[in-house]
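# Fold and contact review
Below, each chain spelled out in residue letters.
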Amino acid sequence: MLKRKWNELADVKEELAQRDWFMGTSGNLAIKVSDHPLQFLVTASGKDKRKRTNDDFLLVDEFGRPVEENHLRPSAETLLHVEIYRKTNAGCSLHVHTIDNNVISEVYGDNGEVTFKGQELIKAFDMWEEDAVLKIPIIRNHAHIPTLAHCFGEHVTRDSGAVLIRNHGITVWGRTSFEAKKILEASEFLFRYQLRLLEHKPYQLFKVV
Ligand SMILES: CSC[C@@H](O)[C@@H](O)C(=O)COP(=O)(O)O
Ligand SMILES: [Zn+2]
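Residues numbered from 1 in each chain as written. Chains lettered and ligands numbered in written order. Predicted model: local features only at pLDDT ≥ 70, side-chain atom pairs only at ≥ 80, totals over all residues. Heavy atoms only, no water.

Turning next to the overall build of the protein chain. Helices and strands together make up the secondary structure of the protein chain, namely 5 helices and 8 strands. Ordering the α and β elements of the protein chain from the N terminus gives α-β-β-β-α-β-α-β-β-α-β-β-α. Scaling as 2.2 N^0.38, a compact globule of 209 residues should have a C-alpha radius of gyration of about 17 Å, and the protein chain matches this with 17 Å. Each of the three principal axes of the protein chain carries a C-alpha extent, and together these read 55 × 30 × 30 Å. Nonlocal contacts in the protein chain, meaning residues at least 24 apart in sequence, comprise 60% of its contacts between residues at least 6 apart. A gap of 1 Å separates the mean positions of the 28 positive and 30 negative side-chain charges of the protein chain. (Helix = DSSP H or I, 4+ residues; strand = E, 2+ residues; numbered from the N terminus. Rg over C-alpha atoms; globule rule 2.2 N^0.38 Å. Contact = heavy atoms within 4.5 Å. Lys, Arg positive; Asp, Glu negative; His and termini not counted. Charge placed at Lys NZ, Arg CZ, Asp CG, Glu CD.)

Below, the structure written as structure tokens:
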């Protein structure tokens, strides 16, 4: 089981690396391994996530503490992943920094959310109605990680979702790694679309959905 989950997360990491979504060692990923006790694999802190090595992940418990002591440190943002696995049935959570998600978080940060409507790709969030509105919350980038995790956790109410951290990045989660990756890719598509749209229609910034 552990080996299978390890390889699954390593494959996701490789795909996201191919998209160049781990600039400057940023980003962290996690995958649940067991519910009782709650344990998940998380990326080791500060690594170049474009490389595939035997030190890429370590197993942590429900508090984000390593299950076995070794030379690896869990991601500095492990507590955000803890929020997800404690509160939902999610199986995988992904955090990346991209230019697009950072710019969107700054442009819409004062609103506390960015909304999308009338876009085919919001179906990736399981929203199928024609007039559905997707809201992605934007939270402050608290340097104190327990505070950041607490603010983040207030938006973790479903088994899949996405939260932007202002001028930092996005964290998404899903029941499976497939779903988490789908939500991440759809979010980045929507962000790039919105930024491109603003180049052509700057007044769209003030449009209320
Ligand atoms: C220099 S990368 C930025 C980090 O502070 C952090 O935001 C991040 O995403 C990666 O931290 P990590 O501890 O490697 O998981
Ligand atoms: Zn980060």
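Moving on from the model shown.
Here we come to the packing of helix α2 (residues 78–87) against helix α4 (residues 145–153). Their axes nearest at 8 Å, the elements α2 and α4 cross at an angle of 35 degrees. Of the two elements, α2 crosses α4, and the hand of that crossing is right-handed. Seen from α2, the contacting residues are L79, L80, E83, I84 and K87; seen from α4, they are I145, P146, L148, A149, F152 and G153. Grouping the amino acids of the contact of α2 with α4 by side-chain chemistry returns 8 nonpolar, 1 polar and 2 charged. (Axes fitted to C-alpha atoms, helices over the stretch in contact; angles between N-to-C directions. Left-handed = near helix turned anticlockwise from the far one by under 90°. Nonpolar A, V, L, I, M, F, W, Y, C, P; charged D, E, K, R; others polar.)

Moving on, we get to the sheet that holds strand β3 (residues 57–60). Reading across from one edge, β3-β2-β1-β4-β8-β7-β6-β5 is the order of the 8 strands in this open sheet, with mixed pairing throughout. Looking along the sheet, the strands with just one partner apiece sit at the ends: β3 and β5 (113–117). Along the sheet, successive strands turn relative to each other by an average axial angle of 20 degrees, direction set aside. Bridge analysis of strand β1 (residues 28–34) against strand β2 (residues 39–43) gives 4 bridges, and the strand direction is antiparallel. Its bridge partner being in β2, K32 is matched across the sheet by F40. In the packing of helix α1 (residues 2–18) onto the sheet, the strands contacted are β1, β2, β3 and β4 (92–96), and the crossing angle to β1 comes to about 160 degrees. (Pairing = 2+ DSSP bridges.)

Looking now at a nonpolar patch on the surface. A cluster of nonpolar side chains, I99, V103, V107 and L205, forms an exposed patch at the surface whose accessible area comes to about 320 Å². Residue position: I99 is located in helix α3 (residues 99–107). Residue I99 is classed as exposed on the basis of its relative accessible area of 66%. (Patch = residues over 30% accessible without salt bridge, like charges linked within 9 Å, V, L, I, M, F, W, Y side chains within 5 Å. Areas by Shrake-Rupley, 256 points an atom, 1.4 Å probe, with all protein chains shown as cover. Salt bridge = Lys/Arg side-chain N within 4 Å of Asp/Glu carboxyl O. Buried < 20%, exposed > 50% of the residue type's maximum accessible area, 1.4 Å probe, protein only.)

What follows is about the site of ligand 1. Contacts to ligand 1 come from 14 residues, most closely from S45, G46, K49, S75 and E77. Contact between ligand 1 and E77: an oxygen atom at 2.6 Å from a side-chain N or O atom of the residue. In isolation ligand 1 has 410 Å² of accessible area, and contact with the protein removes 73% of it. Considering only residue class, the shell around ligand 1 consists of 1 nonpolar, 11 polar and 2 charged. (Near = heavy atom within 4 Å. Polar contact = N/O pair within 3.5 Å; in protein donor to acceptor, adjacent residues only side chain to side chain.)

The next point concerns the UniProt feature "binding site: Zn(2+)" (unreviewed entry) in the protein chain. Mapped onto this numbering, the UniProt entry gives "binding site: Zn(2+)" (unreviewed entry) at H95 and H97. Looking at the secondary structure, you find H95 in strand β4. Not counting the four nearest positions on each side in its chain, H95 is found in contact with G27, N28, L29, E77, I165, H168, G169, I170 and T171. Engagement of the side chain of H95 in a polar contact is seen with the side chain of E77, the distance being 3.0 Å. Within the secondary structure, H97 is located in the loop between β4 and α3. By relative accessible area, which is 25% here, H97 ends up partly exposed. (UniProt positions renumbered as here; feature names shortened; annotations may be inferred.)

Now for the coordination of the zinc ion (ligand 2). Ideal geometry at a metal centre gives angles of 109.5 degrees when four donors are arranged tetrahedrally and 90 or 180 degrees when six donors are arranged octahedrally. Protein coordination of the zinc ion (ligand 2) is provided by E77 (OE), H95 (NE2), H97 (NE2) and H168 (NE2), with donor distances spanning 2.1 to 2.6 Å. Classification of the site at the zinc ion (ligand 2) rests on its 6 donor atoms, whose angles at the metal span 74 to 170 degrees, yielding the label octahedral. The exposure class assigned to E77 is buried, which follows from its relative accessible area of 14%. (Donors = N, O, S within 2.8 Å, 3.2 Å for Na, K, Ca; no water. Tetrahedral: all angles 85-135°; square planar, octahedral: opposite > 155°, others 65-115°.)

On to unusual backbone geometry. With omega at 0 degrees, the peptide bond leading from H36 into P37 counts as cis. Along the chain, the position of P37 falls in the loop between β1 and β2. Although it is not a glycine, N167 adopts a positive phi angle of roughly 50 degrees. Assignment of secondary structure puts N167 in the loop between β7 (161–165) and β8 (169–174). The class for N167 is partly exposed, based on a relative accessible area of 44%.

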